[in-house]
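The lines below spell out each chain.
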Amino acid sequence: MVLAAPPTASAQQAPARVQVSAAEFSFAVSRTAVRKGQAILQLVNYGEDDHDLAVRRVGGVRTHRTRIVHPGNVAELEVRLSAGRYTLWCTLADHRLRGMEATLVVR
Ligand SMILES: [Cu+2]
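First, a word on scope: everything that follows refers to the structure included in this document. From a predicted model like this one, the values you see are computed outputs, not experimental measurements. Per chain, the residues get numbers from 1 upward, laid out in the order the sequence is written. Only residues with pLDDT of at least 70 get local features here, since the model is predicted, and only at 80 or more are side-chain atom pairs given and counted; chain-wide, interface and lining totals rely on the full set of residues. Side-chain measures here rest on the full set of heavy atoms in the structure, leaving out hydrogens and waters.

1. Observations regarding the coordination of the copper ion
(1) Moving on: Atoms are scored as donors when they are N, O or S and lie within 2.8 Å of the metal, with 3.2 Å used for Na, K and Ca; no water is included, so coordination may look incomplete. On the protein side, the copper ion has His51 (ND1), Cys90 (SG) and His95 (ND1) as donor atoms, found 2.0 to 2.1 Å from it.
(2) Moving on: Read from N- to C-terminus, the donor residues coordinating the copper ion fall into the pattern H-x38-C-x4-H. His95 carries the same exposure label as Cys90, and that label is buried. For every residue, the accessible area (1.4 Å probe, protein chains only) is compared with the maximum for its type, and the residue is labelled buried under 20%, exposed over 50%, or partly exposed between those bounds.

Rendered as structure tokens:
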């Protein structure tokens, strides 16, 4: 007789996924709100310059950041998000000022 394994903490909800499309000079998120908990933020560089993805909770002190992503490449950032509003941006040069910034709401 085979017993089904009991549910464990690791078998909970799969992490939320958000794709961030980067180009010169814009950041477009695939969704603007996610549930709190584990999330995978995927940066896809559709541009012709290098970009990266940084994320910080508004009012928070910790910044998570991907490596620099070359054109046509992808990077993922797995983070634990608590409820609040997060800012996503590119840290390279003046890209943020030029429009590479987005907001993600976590409920
Ligand atoms: Cu950039």
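That was the structure; now back to the text.
2. Let's talk about the side chain of Asp52
(1) Moving on: Put simply, DSSP H or I for four residues or longer makes a helix, DSSP E for two residues or longer makes a strand, and each gets a number counted from the N terminus. If you trace the backbone, Asp52 turns up in the loop between strand E4 (37-45) and strand E5 (54-57).
(2) Moving on: Buried charge Asp52 goes without a salt bridge, the closest partner of opposite sign being Arg65 at 4.3 Å.
(3) Moving on: Contacts are assigned to residue pairs with any non-hydrogen atoms lying within 4.5 Å of each other. Residue contacts for Asp52: discarding those within four places in its chain leaves Phe27, Leu43, Arg65, Thr66, Arg67, Ile68, Trp89, Cys90, Thr91 and Leu92. In summary, the charge assignment counts Lys and Arg as positive and Asp and Glu as negative, without counting His or the chain termini. Salt bridges are counted wherever a side-chain nitrogen of Lys or Arg sits within 4 Å of a carboxyl oxygen of Asp or Glu.

3. What about the nonpolar core?
(1) Moving on: Residues grouped as a nonpolar core are buried Ala, Val, Leu, Ile, Met, Phe, Trp, Tyr and Cys residues, joined through side-chain atoms within 4.5 Å. Membership of the largest hydrophobic core comes to 24 residues, with the highest contact counts inside it found for Phe27, Leu41, Leu81, Leu88 and Leu104.
(2) Moving on: When residues of this core are traced back to their parent elements, those giving at least two are strand E1 (16-23), E4, strand E7 (74-81), strand E8 (84-89) and strand E9 (101-106).
(3) Moving on: The residues contacting Leu81, other than those within four sequence positions of it, are Val34, Lys36, Gly37, Ala39, Tyr86, Leu104 and Val106.

4. Here we look at the sheet that holds E8
(1) Moving on: The strand order across the open sheet built from five strands is E3-E9-E8-E5-E6, with neighbouring strands paired in mixed fashion. Because the sheet does not close on itself, it has two edges, and the strands there are strand E3 (33-34) and strand E6 (64-65).
(2) Moving on: Any two strands are treated as partners once DSSP identifies two or more bridges connecting them. By the bridge criterion, six bridges tie E8 to E9 in an arrangement that is antiparallel. Along E9, the bridge assignment pairs Thr87 with Thr103.

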